[in-house]
Amino acid sequence: MKKYDVIVIGAGPAGGACASTCAKEGLKVAMIESYGFGGTCPLRGCNPKKVLTGAADIVALARGMTDKGLMADNLSINWEDLAAFRDSFVSGKKEKIQEAYAGLGIDTFNAQAVVLDDYQVQAGEDIMTAQTIVLASGIKPAPINVPGAEYISTSDDFLSLEKLPDSIVFIGGGFISFEFASIAVRAGLKTTIIHRSAQVLKQFDPDLTAELVEAMRDAGVTINLNTDIKSITRDKQKIKIQIMENGKTSTIDAHMVVHGAGRIPDVDKHTLEKYSINVSSVGVEVDEHMRCKNNDRFFAVGDVASTPFALTPTGDMEGRVAASNIIKPGSSAVDYTGTASAVYTAPPLCAVGLLEKQAREAGINLRIVRENMAQWFSWTHLGQKFAGCKILIDEDRDVIVGAHILGAGAEEMSNLFAMAIRMQTPVKELKKVLWAYPTKGYYFKYMI
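Residues numbered from 1 in each chain as written. Predicted model: local features only at pLDDT ≥ 70, side-chain atom pairs only at ≥ 80, totals over all residues. Heavy atoms only, no water.

A. Inspection of the packing of helix H3 (residues 46–64) against helix H4 (residues 79–88) at higher detail. The N-to-C vectors of H3 and H4 enclose an angle of 145 degrees; their axes lie 9 Å apart at closest approach. Of the two possible hands of crossing, H3 and H4 adopt the one that is right-handed. On H4, the residues touching Pro-48, Val-51, Leu-52 and Ala-55 of H3 are Trp-79, Leu-82, Phe-85 and Arg-86. A class-by-class count of the residues in the contact of H3 with H4 yields seven nonpolar, no polar and one charged. (Axes fitted to C-alpha atoms, helices over the stretch in contact; angles between N-to-C directions. Helix = DSSP H or I, 4+ residues; strand = E, 2+ residues; numbered from the N terminus. Left-handed = near helix turned anticlockwise from the far one by under 90°. Contact = heavy atoms within 4.5 Å. Nonpolar A, V, L, I, M, F, W, Y, C, P; charged D, E, K, R; others polar.)

Below, the structure is given as structure tokens:
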């Protein structure tokens, strides 16, 4: 049996940050990965997705300038060429990442990890043990329990499409459905989102998500809210989705149906419970040191952990915090202050810091700045119809505690707010900054 100081299950950003930090401190580390070293973000998530959303953004911006000097009516996406460009960012990536970890002295295993009894882990034919086991296995699509669920494709399937279907339905109102629908509709597909409740993208400000729904519908996406799926069947080349909307039953036809209805931790819950580790639908329970509650020989980092965010930057931080506490217990804790997240639709939507509801529950004396930025030059000169913000300011401390932005460039502006919130910079000081003009950043002072 092989013996290590640390076994890391999962080689995404969180697991990689933990493993590499431990290895650099001289610990003997094993990494086990079943999909591909690098994990979701570089191989089947953020990076290839951003190539596709980038093309959709260009189409959307160009169409906004139709009749304003650009002849964009017939602008289209050549999916075959775009798919090849997308794949160029993924090809050979997992091999290079695995080589980099091996170069640090980490033993790498391409296999499905199975946690056994007595703190043993199996990877293919290899069985190993360690003082510390780090769970960094990510998340997987939650089951959709309807007849015909076998006809539902995954987000991986959509991201690897070499040829587009004529029509597509996305199930669920989260990141995956909205980002992919924004791509699909600009590529000319008949595009539909089905969501079972009234509010989509619940991690974001509800007022701005309502505006994003309007923007998506304006772009041609059909969005069915308060809608339940009753069954899914296949008829020759088409898939038929029977839905219940406002008490009425109807059928939607599509050539492809994609799962965007939430994800669950990718772990064997039954096995972990043998080790007294609690696993819920939102992840493995951890403390601020990323140590699993009730068992200090296990850590959980990244999307698999029950932390507030499933993001690459927070996963990287969590991995490094876990490593710090493996090396010296109690030496480091996570700090999510000012975390920025974005949904890469056209227009994009971002959230930084607290939601209005969270700020009010915390008893903060709020001043709220709510602006329709579609009337401001940096958006009107692009022909944009949808742009707005809601900024939350703690009146007593004169600092920003939350920032929510919809519109072209919102994802980049979110970084300014993330820094302001993280650094607790007083609003009166932020107003003194001389921003470049004309830029979107220039309007920062009007947003506060």
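Continuing now.
B. How the structure looks around helix H10 (residues 312–327). If you check H10, its first and last C-alpha atoms are 23 Å apart, about what 16 residues at 1.5 Å a residue would give, namely 22 Å. Turning to H10, the residues buried within the fold contact strand E1 (2–9), helix H1 (13–24), strand E6 (126–135) and strand E18 (298–300). (Expected span 1.5 Å × (residues − 1).)

C. Fine view of the packing of helix H7 (residues 175–186) against helix H8 (residues 206–219). Between H7 and H8, the least distance of the axes is 10 Å, while the angle of their chain directions is 25 degrees. Classified by the interaxial angle, the pair formed by H7 and H8 is roughly parallel. The way H7 lies across H8 gives a crossing that is left-handed. Between H7 and H8, the residues in contact are Phe-178, Ala-181, Ser-182, Val-185 and Arg-186 and Leu-212, Val-213, Met-216 and Ala-219, respectively. Here the residues of the contact of H7 with H8 sort into seven nonpolar, one polar and one charged. (Parallel < 35°, antiparallel > 145°, perpendicular 65-115°, else oblique.)

D. Molecular detail of the packing of aromatic side chains. Summed over all chains, the structure comprises 21 aromatic pairs. On the numbers, 5.0 Å between centres and 55 degrees between planes, the contact of Tyr-275 with Phe-298 is tilted. Here Phe-298 lies in strand E18 and Tyr-275 lies in the loop between helix H9 (269–274) and strand E16 (279–280), a separation of 23 residues in the sequence. Across the pair, exposure class does not vary: Tyr-275 and Phe-298 are buried alike. On the basis of an interplanar angle of 25 degrees and a centroid distance of 5.3 Å, the ring pair of Trp-376 and Tyr-443 is categorised as stacked. Of this pair, Trp-376 sits in the loop between strand E21 (366–372) and helix H12 (377–380) while Tyr-443 is found in the loop between helix H14 (427–430) and helix H15 (444–447), placing the two residues 67 residues apart along the sequence. A connected cluster of aromatic rings, assembled from ring pairs, spans Trp-376, Trp-379, Tyr-437, Tyr-442, Tyr-443 and Tyr-446. Sitting over the face of the ring of Tyr-4, Lys-28 holds its NZ or CZ atom 5.2 Å from the ring centroid. Its end group placed over the ring of Trp-379, Lys-440 keeps NZ or CZ at 5.9 Å from the ring centre. (Phe/Tyr/Trp six-rings, centres within 6.5 Å; stacked < 30°, edge-to-face > 60°. Buried < 20%, exposed > 50% of the residue type's maximum accessible area, 1.4 Å probe, protein only. Lys NZ or Arg CZ within 6 Å of the ring centre and 35° of its normal.)

E. Summary view of the state of the cysteines. Overall, the coordinates contain one disulfide when judged by the stated rule. Paired by a disulfide, Cys-41 and Cys-46 hold their sulfur atoms 2.4 Å apart. Disulfide Cys-41-Cys-46: torsion about the S-S bond near -125 degrees, hence left-handed. Under the relative-accessibility criterion, Cys-46 is labelled partly exposed at 32%. Note on Cys-18: no disulfide assigned, nearest cysteine sulfur contributed by Cys-22 at a separation of 4.3 Å. Between Cys-350, a free cysteine, and Cys-389, which holds the nearest cysteine sulfur, the sulfur-to-sulfur gap is 9.7 Å. (Disulfide = S-S within 2.5 Å.)

F. Layout of the sheet that holds strand E13 (residues 248–254). In spatial order, the strands read E11-E12-E13; together these three strands make up an open sheet with antiparallel pairing. Taken across any chain shown, the strands that pair with only one partner, and hence form the sheet edges, are strand E11 (227–235) and E13. Put simply, the sheet's adjacent strands are angled 25 degrees from each other on average, direction ignored. Looking at chain direction, E11 and strand E12 (residues 238–245) are connected through eight bridges and run antiparallel. If you follow Thr-233 over to E12, its bridge partner there is Lys-240. (Pairing = 2+ DSSP bridges.)

G. Quick look at the sheet that holds strand E9 (residues 190–194). Strands sit in the order E10-E9-E8-E14 across an open sheet of four strands; the sheet is parallel. Bordering the open sheet on either side are strand E10 (222–224) and strand E14 (256–259), each of which pairs with just one other strand. When strand polarity is set aside, the average angle formed by the axes of neighbouring strands in this sheet is 20 degrees. Alignment of E9 against E10, held across three bridges, turns out to be parallel. By the bridge assignment, Ile-193 is partnered in E10 with Ile-223.

H. Expanded view of the nonpolar core. One finds Ile-7, Met-128, Leu-135, Val-284, Met-290 and Phe-298 to be the most contacted residues of the largest nonpolar core, which totals 53 residues. Those residues in contact with Met-290 that sit more than four places away from it in its chain are Phe-299, Ala-300, Val-301, Ala-305, Thr-307, Glu-318, Val-321, Ala-322, Val-334 and Tyr-336. Judged by nonpolar contacts, the second largest core, of 40 residues, contains Leu-82, Leu-159, Leu-164 and Phe-178. (Core = buried A, V, L, I, M, F, W, Y, C linked by side-chain atoms within 4.5 Å.)

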